[in-house]
2 protein chains.
Amino acid sequence: MAKNADYQRIENPFAAPGHDHSSCIVSALDGAEATCARRGERLTPLRRQVLELVWRGHRPVGAYDLLALLQDERGRVAPPTIYRALEFLCDQGLVHRLDSLQAFIGCGHPGSHDEEHHHAAHFLICQECGLAVEMRDGQLDGAINGLAGRAGFTIADETVEISGLCAECQG
Amino acid sequence: MAKNADYQRIENPFAAPGHDHSSCIVSALDGAEATCARRGERLTPLRRQVLELVWRGHRPVGAYDLLALLQDERGRVAPPTIYRALEFLCDQGLVHRLDSLQAFIGCGHPGSHDEEHHHAAHFLICQECGLAVEMRDGQLDGAINGLAGRAGFTIADETVEISGLCAECQG
DNA sequence: TTCATGATGTTATATTATATCATTTCAGAA
DNA sequence: TTCTGAAATGATATAATATAACATCATGAA
Ligand SMILES: [Zn+2]
Ligand SMILES: [Zn+2]
Ligand SMILES: [Zn+2]
Ligand SMILES: [Zn+2]
């Protein structure tokens, strides 16, 4: 049953422009099935289809872009349909919303779904190529927790989105 | 001409609920005048008035809330009026937009306008009392720069907004 | 004055998101 | 199996946020 292990999401899409993205998609969908099953949540066909559309690439996608893509596959679909699916996927931590772009992207960290729903995610976003990469960094986590702790502040949600130029897009 | 020195913005509004906020306002407006003068930018009556409305408190304000406030003082005003003023103020770093709230708040760091327009700002936002406080933290800056640097990423913009409960609102 | 530039006014519209209620689906109880 | 309540989806309308496009006005330099 090494279903997940057979495929994996690319860790740093900035550095892997020509990777086998179908493997990312399979990994994300299989992981989502497993996560929802474990939690007793329902990854319905609609939700799965929306997640698959989000995973078309490593670039954030707007809700109405997703709506158009979904309509290509199902005919007329109204906005609440896509927003409800996205809300579910975000609640489960399978998708993240990038507040600075008002757009959505698949979660890049399969491991983070073991217990926590809706985990913190920190992004680097390239303004040139449009890729957005979810980063894990202990120092950043520490700095945020330290800052909040010293202020006596209890963290509920983190929006950390760093925009600029990725290494490949400089010069 | 110690005009600015006579007044100052409160550093940590979380801990100063009953402070003399008129001093914050004066400080912000005087500082903005000075900053714009130094840069050869025009803080017109309209822009100044919008900045004053933004500074009604230490809570983020939506563009349409500001529009309503402005209308109370000037009669009918259309959305582009407020958005253009906010764009100017954000460009000058006098106001920050909180992407996670789609709202605007006055810049809490008078010192950061010496050279840089549109400087990075990191916020703690209390979901209970609504206060948003701009934080300065070397470790956080270091962590962000380190993370970006190791990825070969050049930072253009930072959105760092930590939501939760401030010390006063716990329990 | 004349002209160029930037700021504001005005109208229309784009984009993102949600409220509400009807209908369908589905898991579990009987 | 059928029944039933809760969750999910469908469908319609509308709210909330933001910008495009063009007209007019103010400001300051030549
Ligand atoms: Zn991929
Ligand atoms: Zn790039
Ligand atoms: Zn104050
Ligand atoms: Zn608070």
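Everything below is about the structure shown above.
Residues numbered from 1 in each chain as written. Chains lettered and ligands numbered in written order. Predicted model: local features only at pLDDT ≥ 70, side-chain atom pairs only at ≥ 80, totals over all residues. Heavy atoms only, no water.

**Student:** Lay out the protein's contact with DNA strand D in plain terms, naming residues and giving numbers.
**Tutor:** Taken together, 18 residues lie near DNA strand D, and Thr44(A), Arg84(A), Tyr64(B), Tyr83(B) and Arg97(B) sit nearest. Within 4 Å of the protein, the contacting atoms of DNA strand D are drawn from sugar and phosphate to the extent of 50%. One of the side-chain N or O atoms of Arg47(A) is found 3.3 Å from a phosphate oxygen in DNA strand D. A distance of 2.6 Å separates a base nitrogen of DNA strand D from a polar atom in the side chain of Arg84(A). When contributions to the surface near DNA strand D are tallied by element, the ones reaching two or more residues are helix H2 (45–54) and helix H4 (79–91) of chain A together with helix H3 (63–74) and helix H4 (79–91) of chain B. With 4 residues, the top contributor of residues to the surface near DNA strand D is H4(B). A breakdown of the residues in the surface near DNA strand D according to their chemical character gives 8 nonpolar, 3 polar and 7 charged. (Near = heavy atom within 4 Å. Polar contact = N/O pair within 3.5 Å; in protein donor to acceptor, adjacent residues only side chain to side chain. Helix = DSSP H or I, 4+ residues; strand = E, 2+ residues; numbered from the N terminus. Nonpolar A, V, L, I, M, F, W, Y, C, P; charged D, E, K, R; others polar.)

**Student:** Any chance you could break down the coordination of the zinc ion (ligand 1) for me, citing the residues and the numbers?
**Tutor:** All names here are of chain A. Protein ligation of the zinc ion (ligand 1) involves His-19 (NE2), His-21 (ND1), Cys-24 (SG) and His-58 (NE2), the donor distances falling in the range 1.9 to 2.3 Å. Of note is the zinc ion (ligand 1), whose 4 donor atoms meet at the metal with angles of 105 to 115 degrees in an arrangement that counts as tetrahedral. Donor residues for the zinc ion (ligand 1) sit on one chain with the sequence pattern H-x1-H-x2-C-x33-H. Separated by 39 residues along the polypeptide, His-19 in the segment before helix H1 (21–39) and His-58 in the loop between H2 and helix H3 (63–74) bring together distant segments of the chain. By relative accessible area, His-58 is classed as buried at 9%. (Donors = N, O, S within 2.8 Å, 3.2 Å for Na, K, Ca; no water. Tetrahedral: all angles 85-135°; square planar, octahedral: opposite > 155°, others 65-115°. Buried < 20%, exposed > 50% of the residue type's maximum accessible area, 1.4 Å probe, protein only.)

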